[in-house]
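Working through the structure, step by step
Residue strings, one per chain:
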Amino acid sequence: MVSHDATANLSAAGAPASCAAAVLGPYLGTAREGSIWPADTQEFHDLPRLQTALRARRLAATVVVPICQSARVSDYLEMHFAHPLSGPETDEIEALAAILSEAWKDRAPGILLTTVERDTRRGPAAARPDTADPLAMANPYRLSRAEYRVCLLLRQGLTRDGLQGALAISRSTLNTHLQNIYAKTVVPSQADLVHLLMREAAGHDIRGRAAHVA
């Protein structure tokens, strides 16, 4: 289980780093993937440290979503809210939870942990995309050969369908390559990756023309 909080960690107050066990109780390892488990902060009266930590952060409600349950590992998504949840909000979270659970199955293991550890080491600046060209000869992001080809084709304007066709790979494999690239380049999405690739391509073009004029 990965617990990350950019501002503070519940465990700093002596409380558990995760609320999953408190919310799911005996169903911690068996709850259905994609189901939602809401809880009010007041319900943690038998866990005073956790309740105190949540109240200190002015959090009124918690929702835990089991997104992967297996014999080897269980992954949970926790969401905390500063207000009690309304019926429509709960319905929206329930719809989103099912989608997240399905999407989680195609993840590349280790991506989240790697990204969190990198952001922690590098500090606030890590929230901004790096500026090096992913396709530079020095390979600043240590892309694999397959990841490099994905970036090269993205810079050329190919869509996901075009990438699959050009590389003769499945959608699942393509998603894995993209998730690895996002983690290495510290960008959150394909749109941001394309922006980084095109920005660097434009920069090279401008520098090349300037050198030619000089």
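For the structure, see preceding data.
Residues numbered from 1 in each chain as written. Predicted model: local features only at pLDDT ≥ 70, side-chain atom pairs only at ≥ 80, totals over all residues. Heavy atoms only, no water.

Checked against the element boundaries, Ile67 lands in strand β2 (residues 61-69). Measuring from C-alpha to C-alpha, the distance between Ile67 and Ala98 comes to 8.3 Å, with 31 residues separating the pair along the chain. Aside from chain neighbours lying at most four places away, what touches Ile67 is Glu33, Asp75, Tyr76, Leu77, Ser101 and Trp104. (Helix = DSSP H or I, 4+ residues; strand = E, 2+ residues; numbered from the N terminus. Contact = heavy atoms within 4.5 Å.)

Here we take up helix α7 (residues 171-185). Compared with the 21 Å implied by 1.5 Å per residue over 15 residues, the 21 Å span of α7 between its first and last C-alpha is a close match. Considered for burial, the residues of α7 that qualify are Leu174, Asn175, His177, Leu178, Asn180, Ile181, Tyr182, Ala183 and Thr185. At the exit of α7 stands Val186, carrying a positive phi of roughly 60 degrees. (Expected span 1.5 Å × (residues − 1). Buried < 20%, exposed > 50% of the residue type's maximum accessible area, 1.4 Å probe, protein only.)

A separate point is the sheet that holds strand β3 (residues 74-81). Taken in spatial order, the three strands line up as β1-β2-β3 in an open sheet, and their pairing is antiparallel. Each having just a single partner strand, β1 (37-40) and β3 make up the two edges of the open sheet. Across the sheet, the mean angle separating the axes of adjacent strands is 20 degrees when strand polarity is ignored. Here four bridges tie β1 to β2, and the two strands are oriented antiparallel to one another. Directly across from Pro38, in β2, lies its bridge partner Val63. (Pairing = 2+ DSSP bridges. Axes fitted to C-alpha atoms, helices over the stretch in contact; angles between N-to-C directions.)

The phi torsion at Asn139 lies on the positive side, around 50 degrees, for a residue other than glycine. For Asn139, the position within the fold is in the loop between α4 (111-122) and α5 (145-155). A positive phi angle is found at Arg142, which is not glycine, with a value near 55 degrees. With respect to the helices and strands, Arg142 occurs in the loop between α4 and α5. When its relative accessible area of 58% is taken as the criterion, Arg142 is described as exposed.

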